[in-house]
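Coordinates in review
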Amino acid sequence: MSMYFHFRAIPPAALRNSPAWLEKLFEDDWDVVRGRIGRHREEVLDGGYLDQEHLYADDLTGEGPHTQVVTGGRPIAHPDPSSPPFLLLTAAQTNRVADYLATADFEDLWRNARADLLKPYNGQDAEPELRGAFAAAHRDLTAFYGQTAQYGDAVVKWLVL
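Notes on the structure in this doc start here. Everything numeric here is computed off the predicted structure, so don't read it as measured data.

This part covers the packing of helix 5 (residues 106-118) against helix 6 (residues 127-151). Relative to each other, helix 5 and helix 6 sit at 130°, their axes nearing to 11 Å. Between helix 5 and helix 6, the angle is such that the two are oblique. Pair helix 5 / helix 6 crosses with right-handed handedness. Between helix 5 and helix 6, the contacting residues are Phe-106, Glu-107, Leu-109, Trp-110, Arg-114, Leu-117 and Leu-118 on the first element and Glu-127, Leu-130, Arg-131, Phe-134, Ala-135 and His-138 on the second. When its residues are assigned to classes, the contact of helix 5 with helix 6 shows 8 nonpolar, 1 polar and 4 charged.

Let us now look at the pairing of strand 4 (residues 86-89). On strand 4, burial covers both faces: Phe-86 and Leu-88 on one face and Leu-87 and Leu-89 on the other are all buried. The pairing of strand 3 (residues 74-76) with strand 4 spans 3 bridges and is antiparallel. The residue bridging Ile-76 from the neighbouring strand is Phe-86, located in strand 4. Where strand 4 lies against strand 5 (residues 154-160), 3 bridges are found, and the strand directions are antiparallel. Within strand 5, the position partnered with Leu-89 by the bridge is Val-155.

It is worth spelling out the sheet that holds strand 1 (residues 4-10) at this point. Ordered by their spatial adjacency, 5 strands build an open sheet running 2-1-5-4-3, and the pairing between neighbours is antiparallel. At either end of the open sheet lies a strand with only one pairing partner, and these are strand 2 (42-45) and strand 3. Pairwise comparison of adjacent strand axes, ignoring direction, gives a mean angle of 25° for this sheet. Running over the sheet, helix 2 (residues 30-38) touches strand 1 and strand 2 and is turned about 110° from strand 2. Running at roughly 80° to strand 4, helix 4 (residues 91-103) makes contact with strand 4 and strand 5 of the sheet.

Parameters and conventions
Residues numbered from 1 in each chain as written. Predicted model: local features only at pLDDT ≥ 70, side-chain atom pairs only at ≥ 80, totals over all residues. Heavy atoms only, no water. Axes fitted to C-alpha atoms, helices over the stretch in contact; angles between N-to-C directions. Helix = DSSP H or I, 4+ residues; strand = E, 2+ residues; numbered from the N terminus. Parallel < 35°, antiparallel > 145°, perpendicular 65-115°, else oblique. Left-handed = near helix turned anticlockwise from the far one by under 90°. Contact = heavy atoms within 4.5 Å. Nonpolar A, V, L, I, M, F, W, Y, C, P; charged D, E, K, R; others polar. Buried < 20%, exposed > 50% of the residue type's maximum accessible area, 1.4 Å probe, protein only. Pairing = 2+ DSSP bridges.

Keep in mind that these numbers describe shape and distance, not what the molecule does.
Below, the structure written as structure tokens:
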């Protein structure tokens, strides 16, 4: 089963507190999604999104924008209890995440999480490729959040199964 963690920029005035409306946000085909990704209006992480979360969560302890980059946000229950909830970051929270990512040093993030992230891949042979994938995702998330904050938008996230 393929799963993708989607991040979607939404103007605050357009947000609806309706799970059915939120679900419709993620029903577009991949061509439409790719277009939004190219404009930094949507971002998608593959099933390894929890590893990407670890990259940021390992940065600091406690609460803060680093904890909201990937899986943070106010949960909104999906009508089907077996489906994951939607997560909502307000425009203000999105702005704080964008500020955090703009100043985060990828090398420091990688150095802090490196050992844990390499464990499933049997060590250093996989490091150049894995590090490159994490660096690319970091650049993409930084661009997405930066653009979203520039527009003053909120972010809706959902794990699409």
